[in-house]
Amino acid sequence: MTPDLLITDARLVRLRGPDPCAAIAAQTVAVRGGKITFAGDADGAPAAGAHTQIWPAEGRLLTPGLIDCHTHLVYAGSRAAEFAKRMAGASYAEIAASGGGIMNTVAATRAASEDELIAQSLPRLDRMLAHGVTTVEIKSGYGLDLETELKILRCARRLGELRRVRIITTFLGAHTTPKGAEADAYIDDVCIPALRTAAMQGLVDAVDGFCETIAFTPGQIARVFATAQALGLPVKLHAEQLSNQAGAELAAQFGALSADHLEHVSADGIAAMAAAGTVAVLLPGAFYALRETIKPPVAQLRAAGVSLAVASDSNPGTSPMTSLPLAMNMAAILFGLTTEETLQGVTRNAARALGRHDIGAIAPGLSADLCLWDCTDPAELTYRIGDPPLHARIFEGQAC
Ligand code: NIG
Ligand code: FE
């Protein structure tokens, strides 16, 4: 089949096979209809036709497009003033308890029109794309009422129409209890009905929750997960970020795609995740910004065979960052991941954390989401501190 695009002379990192992070020189990738049809030595490549675009990579590194599998990208306002308070000694939990924190962003997000929300979120998305991202997961959770949760999810979908990027939406109604409400009543009377409505409107790809002393108990999260299961939606969980609540075990019990944060995960939680195939999504931005000292137990996760992903957790409270390569650098420096693990963490393991088999690697049949980098060593992407040498981003076979 005649390709639409032939990328020649690339140094290819496939993220597939026994040595997924090996960079192989002088490789060709063929694309047709937005999908990869061939990746390998030039002599096996399909022949170019009259309309084939030929793109000489001139020895540059070619990787899958990066996948940010955990973000809260759509919100209004800024929490710089709270950051100043925290730097002056207040804790994240204290600020949350006094009505700030997530509720601060909820108020701003409720007040913003859909267009305002897009106008504030689009520049953040653009910065992500400029650092090589081709898929972004976006959570709701700054609405905490039906109307605003739907508004956030609609904005997330619209962002995917405004830019050449794949957006995957996650319903996070169980983020915190809104002011004046009682947690059980909020879950049963607001969160679960909102999830049903959002799912009916086709706005939800997955369901998340925040299992924490300052958020929801495992019992409350289980009710949300049971609804997700009944709707045929996969689940994931903010688990063991600030304390151990056995959230990892709960997530595993529901066959969760991922459990995220995990600084305080126990040996039992790790074993449950390994048995369920639940991916550990590490979020060093939040760890860094909260000046946490307990790290996720990377050695134990590794030993148990749990797949590790890395994400930006882009959010206004605990991780106001938009650079996924910066998260890769932080995951290496702060958590001790190898440069191979950080690269797998933002490609094939991030795809797994989203339940996607069509992205995250370079192989025939997969979406042609690719990044060309002005370097030859894959370690360069983690080594630089949030300054990736992106040459070109290709989404579904088109440079953008
Ligand atoms: O992933 N952990 C809960 N949610 C976010 C923080 C949200 C916020 O503070 O606005 C997180 O860290
Ligand atoms: Fe988060």
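As shown above, the structure is provided for reference.
Rules used throughout
Residues numbered from 1 in each chain as written. Chains lettered and ligands numbered in written order. Predicted model: local features only at pLDDT ≥ 70, side-chain atom pairs only at ≥ 80, totals over all residues. Heavy atoms only, no water. Helix = DSSP H or I, 4+ residues; strand = E, 2+ residues; numbered from the N terminus. Rg over C-alpha atoms; globule rule 2.2 N^0.38 Å. Buried < 20%, exposed > 50% of the residue type's maximum accessible area, 1.4 Å probe, protein only. Contact = heavy atoms within 4.5 Å. Areas by Shrake-Rupley, 256 points an atom, 1.4 Å probe, with all protein chains shown as cover. Polar contact = N/O pair within 3.5 Å; in protein donor to acceptor, adjacent residues only side chain to side chain. Salt bridge = Lys/Arg side-chain N within 4 Å of Asp/Glu carboxyl O. Near = heavy atom within 4 Å. Nonpolar A, V, L, I, M, F, W, Y, C, P; charged D, E, K, R; others polar. Axes fitted to C-alpha atoms, helices over the stretch in contact; angles between N-to-C directions. Parallel < 35°, antiparallel > 145°, perpendicular 65-115°, else oblique. Left-handed = near helix turned anticlockwise from the far one by under 90°. Lys, Arg positive; Asp, Glu negative; His and termini not counted. Expected span 1.5 Å × (residues − 1). Bend = angle between axes of the 7 residues up to and from the residue.

1. Re the overall build of the protein
At step 1: Of regular secondary structure, the protein possesses 15 helices and 16 strands.
At step 2: Whereas a compact globule of 400 residues would reach a radius of gyration of roughly 21 Å, the protein reaches 21 Å, a difference of no more than 12%.
At step 3: Along the longest, intermediate and shortest principal axes, the C-alpha atoms of the protein span 65 × 45 × 45 Å.
At step 4: The buried share among the 400 residues of the protein stands at 58%.
At step 5: A separation of at least 24 residues holds for 72% of the contacts in the protein among residues at least 6 apart in sequence.
At step 6: As presented, the protein carries roughly 14600 Å² of accessible surface, and 53% of it is formed by carbon and sulfur atoms.

2. Section: the environment of Glu249
At step 1: Mapped onto the fold, Glu249 is located in helix α8 (residues 247-253).
At step 2: A sequence separation of 82 residues divides Glu249 from Ile167, and the C-alpha atoms of the two residues are 28 Å apart.
At step 3: Not counting residues up to four positions away in its chain, the partners in contact with Glu249 are Glu240, Ser266, Asp268, Gly269 and Ala272.
At step 4: At a separation of 3.5 Å, a polar atom in the side chain of Glu249 contacts the side chain of Ser266.

3. As for the pattern of salt bridges
At step 1: Scanning the entire structure with this criterion turns up 17 salt bridges.
At step 2: The closest approach of N and O atoms between Glu114 and Arg154, which form a salt bridge, is 3.0 Å. With Glu114 in helix α4 (residues 114-130) and Arg154 in helix α5 (residues 146-162), this residue pair connects regions lying 40 residues apart in the sequence.
At step 3: Note on Arg154: relative accessible area 32%, which makes it partly exposed.
At step 4: Residue Glu396 is joined to Arg166 by a salt bridge in which the shortest nitrogen-to-oxygen separation is 3.2 Å. Linking Glu396 in the loop between β15 (390-395) and β16 (398-399) with Arg166 in strand β8 (residues 166-174), this pair joins segments that are 230 residues apart in sequence.

4. Overview of the site of ligand 1
At step 1: Every one of the 15 residues lining ligand 1 counts as a neighbour, but Arg79, Tyr92, Tyr142, His175 and Thr318 are closest to it.
At step 2: At a separation of 3.2 Å, an oxygen atom of ligand 1 approaches a polar side-chain atom of His72.
At step 3: Within the side chain of Tyr142, a nitrogen or oxygen atom sits 2.5 Å from an oxygen atom of ligand 1.
At step 4: When ligand 1 is considered free in solution it has 330 Å² of accessible area, and contact with the protein chains removes 100% of it.
At step 5: The class makeup of the residues in the shell around ligand 1 is four nonpolar, nine polar and two charged.

5. A look at the packing of helix α6 (residues 183-200) against helix α7 (residues 218-231)
At step 1: At a minimum axis separation of 10 Å, α6 and α7 run at an interaxial angle of 20°. By the angle between their axes, α6 is roughly parallel relative to α7. Between α6 and α7 lies a crossing of right-handed hand. Residues Ala183, Asp184, Ile187, Asp188, Cys191, Ile192, Leu195, Arg196 and Ala199 of α6 lie in contact with α7, whose contacting residues are Gln220, Arg223, Val224, Thr227, Ala228 and Leu231.
At step 2: Classifying every residue of the contact of α6 with α7 gives nine nonpolar, two polar and four charged.

6. As for the side chain of Lys236
At step 1: Residue placement: Lys236 occurs in strand β10 (residues 236-239).
At step 2: In this structure Lys236 is buried but unpaired, with Asp260 as the nearest side chain of opposite charge at 4.7 Å.
At step 3: Of the polar contacts made by the side chain of Lys236, one reaches the side chain of Ser258; its length is 3.0 Å.
At step 4: A polar atom in the side chain of Lys236 sits 2.9 Å from the backbone oxygen of Ala353.

7. Some details on α6
At step 1: End to end, α6 covers 24 Å across 18 residues, agreeing with the expected 26 Å (1.5 Å per residue, within 8%).
At step 2: Of all the bends in α6, the greatest reaches close to 30° and is centred on Cys191; the proline Pro193 follows between one and four positions later.
At step 3: All of the buried residues in α6 are Ala183, Tyr186, Ile187, Cys191, Ile192, Ala194, Leu195 and Ala198.
At step 4: Contacts made by the buried residues of α6 are with α5, β8, β9 (206-211) and α7.
At step 5: Count one or two residues on from α6 and you reach Gly202, which has phi positive near 70°.

Function cannot be inferred from these measures alone, as they are strictly geometric.
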